[in-house]
Amino acid sequence: MNILHLDNNHPLLIEQLTKAGFKNDENYTSSKEEIEQIVGAYEGIVIRSRFKIDAQFLDAATHLKFIARVGAGLESIDIPYAEKKGVKLFSAPEGNKNAVGEHALGMLLSLFNKLNVADREVKEGHWNREANRGHEIEGKTIGLIGYGNMGKAFAKKLKGFDCTVFCYDIVDGVGNKNGTQVSLETIQEMADVVSLHTPWTPLTNKMINSEFISKFKKPFWLINTARGKSVVTKDLVHALKEGKILGAGLDVLEYEKLSFESLFSSEMPTELQELLTMSNVILSPHVAGWTVESKIKLAQTIVEKILEHFS
């Protein structure tokens, strides 16, 4: 079986597939159109997010048996069309779930203890103790929206903090010892913190907007290590100004390109400019699942899934 690798990943991926008898070609620079001219020769594709795998691409891939995405989500792939053509799809949320859980916890602790502000002030020679008095996770109610691999990993990290963890998911029966499944209305009534762990779908696109925020009974902190387009930046900024959202930890932003490799390609929107100036907002460049360890785990997970089905 011939496999075309379209993104650079941990070397173990190609090494182990080669050892198992697969032929591996690498092409990390050609355009989508150029790849479409040669993809018909391959039975497998390994990609992260370099470009969208749409119907045109899938029609060109006449011998394709599988697409493996070295990451958690498959939103860059036309899933219904791929399935219609009998193409098996692999992703690897198991590979970076721990990294995402730790990153979400780090953002929450930084927000609660004002670490980004305190760090900057001390480096500037200011010793403002009372202004940097923090909050404790203990006793808080944490609402997780989405309770798959990532949500469960974050809930596991929260277990030792003596807080209440609620989870909401469109799938029934996903709650466990670390998170009690409840309705979305319960989270909106009780949550002190809301953390997103959902894929980007029509249901979650622009989900966190003014209408959604207005339904919360009390101000809350927001953590988003999921997908940027699930949060309407303009509405988030307004809620931060009004005190309806107390602070935000954002690893992802609405204006990211599909490849996740850059933030924006045109003039910076006004609401994003405002967000960047807010001291109660912590930002990171879509790296929650991007650790030294997860790079290995993601590659290993993909290898195992390919071998399970095709060896």
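Let me begin by describing the structure that accompanies this report. Note that the coordinates shown come from a computational prediction; the quantities given were computed from them, not determined experimentally.

Topic: the packing of helix H5 (residues 93-112) against helix H7 (residues 149-158)
In step 1: It is at 8 Å that the axes of H5 and H7 come closest, and there the two elements cross at 50 degrees. Judged by the inter-axis angle, H5 sits oblique to H7. Seen along the crossing, H5 lies across H7 with a hand that is right-handed. Here H5 contributes Pro-93, Glu-94, Asn-96, Lys-97, Asn-98, Val-100, Gly-101, Glu-102, Ala-104, Leu-105 and Leu-108 to the contact with H7, which in turn contributes Asn-149, Met-150, Ala-153, Phe-154, Lys-157 and Leu-158.
In step 2: In terms of residue class, the contact of H5 with H7 is made up of 9 nonpolar, 4 polar and 4 charged.

Comments concerning the side chain of Lys-140
In step 1: Considering the arrangement of structural elements, one finds Lys-140 in the loop between helix H6 (115-123) and strand S6 (141-145).
In step 2: An unpaired buried charge is present at Lys-140: no salt bridge exists, and Asp-192, the closest side chain of opposite charge, is 6.3 Å distant.
In step 3: Non-local contacts of Lys-140, meaning those with residues more than four positions away in its chain, are made with Phe-112, Cys-163, Thr-164 and Asp-192.

Thoughts on unusual backbone geometry
In step 1: Phi angles above zero are rare outside glycine, and Lys-114 is one such case at about 55 degrees.
In step 2: According to the relative accessible area criterion, Lys-114 is partly exposed, its value standing at 28%.

Some points on the pairing of S6
Consecutive residues of a regular strand have side chains that alternate between opposite faces of the sheet.
In step 1: Most of S6 sits out of view: 5 of its 5 residues are buried.
In step 2: Residues Thr-141, Gly-143 and Ile-145 line one face of S6 and the alternating positions Ile-142 and Leu-144 line the opposite face, and both faces are buried.
In step 3: Here 5 bridges tie S6 to strand S7 (residues 164-168), and the two strands are oriented parallel to one another. Residue pairing in the sheet places Leu-144 in a bridge with Cys-167 of S7.
In step 4: Following the backbone out of S6, through H7 and into the adjacent parallel S7, one traces a crossover that is right-handed.

Re the sheet that holds strand S5 (residues 88-90)
In step 1: If you walk across this open sheet you meet the 5 strands as S2-S1-S3-S4-S5, and the pairing is parallel. What marks the edges here is a single partner per strand, and that holds for strand S2 (23-26) and S5. Averaged over all pairs of adjacent strands, the angle between strand axes in this sheet comes to 20 degrees, irrespective of strand direction.
In step 2: Across 3 bridges, the pairing between strand S4 (residues 66-69) and S5 is parallel. Its bridge partner lying in S5, Ile-67 is registered against Leu-89.

Rules of the game
Here the residue index of a chain counts from 1 through its sequence in written order. Residue-level local features of this predicted model are given only where pLDDT is at least 70; pairs of side-chain atoms are given and counted only at 80 or more, and the full residue set underlies all totals for whole chains, interfaces and linings. To obtain the side-chain values, all non-hydrogen atoms of the structure were used and water was disregarded. Axes here refer to lines fitted to C-alpha atoms; in helices the fit is confined to the stretch in contact. Angles between the N-to-C directions go from 0 to 180 degrees. Secondary structure elements follow DSSP: runs of H or I of four or more residues count as helices, runs of E of two or more count as strands, with numbering from the N terminus. For classification, angles of less than 35 degrees are called roughly parallel, those exceeding 145 degrees roughly antiparallel, those between 65 and 115 degrees roughly perpendicular, and all remaining angles oblique. By definition, any crossing whose near helix is turned counterclockwise from its far helix by less than a right angle is left-handed, and any crossing with a clockwise turn is right-handed. A contact between two residues is defined here by any heavy atoms of the two lying within 4.5 Å. As a working rule, the residues Ala, Val, Leu, Ile, Met, Phe, Trp, Tyr, Cys and Pro are called nonpolar, Asp, Glu, Lys and Arg charged, and the rest polar, with Gly in that last group. Three labels apply to residues, based on accessible area from a 1.4 Å probe with only protein chains included: buried if under 20% of the type maximum, exposed if over 50%, partly exposed otherwise in between. For the purpose of counting charges, residues Lys and Arg are taken to be positive, whereas Asp and Glu are taken to be negative. His and the chain ends are not included. Basic side-chain nitrogens of Lys or Arg form a salt bridge, by our definition, when they fall within 4 Å of a carboxyl oxygen of Asp or Glu. One requirement defines pairing of two strands: DSSP has to find at least two bridges between them. The handedness rule is simple: strands pointing away from the viewer, and a clockwise path from the first strand over the helix to the second, make the crossover right-handed.

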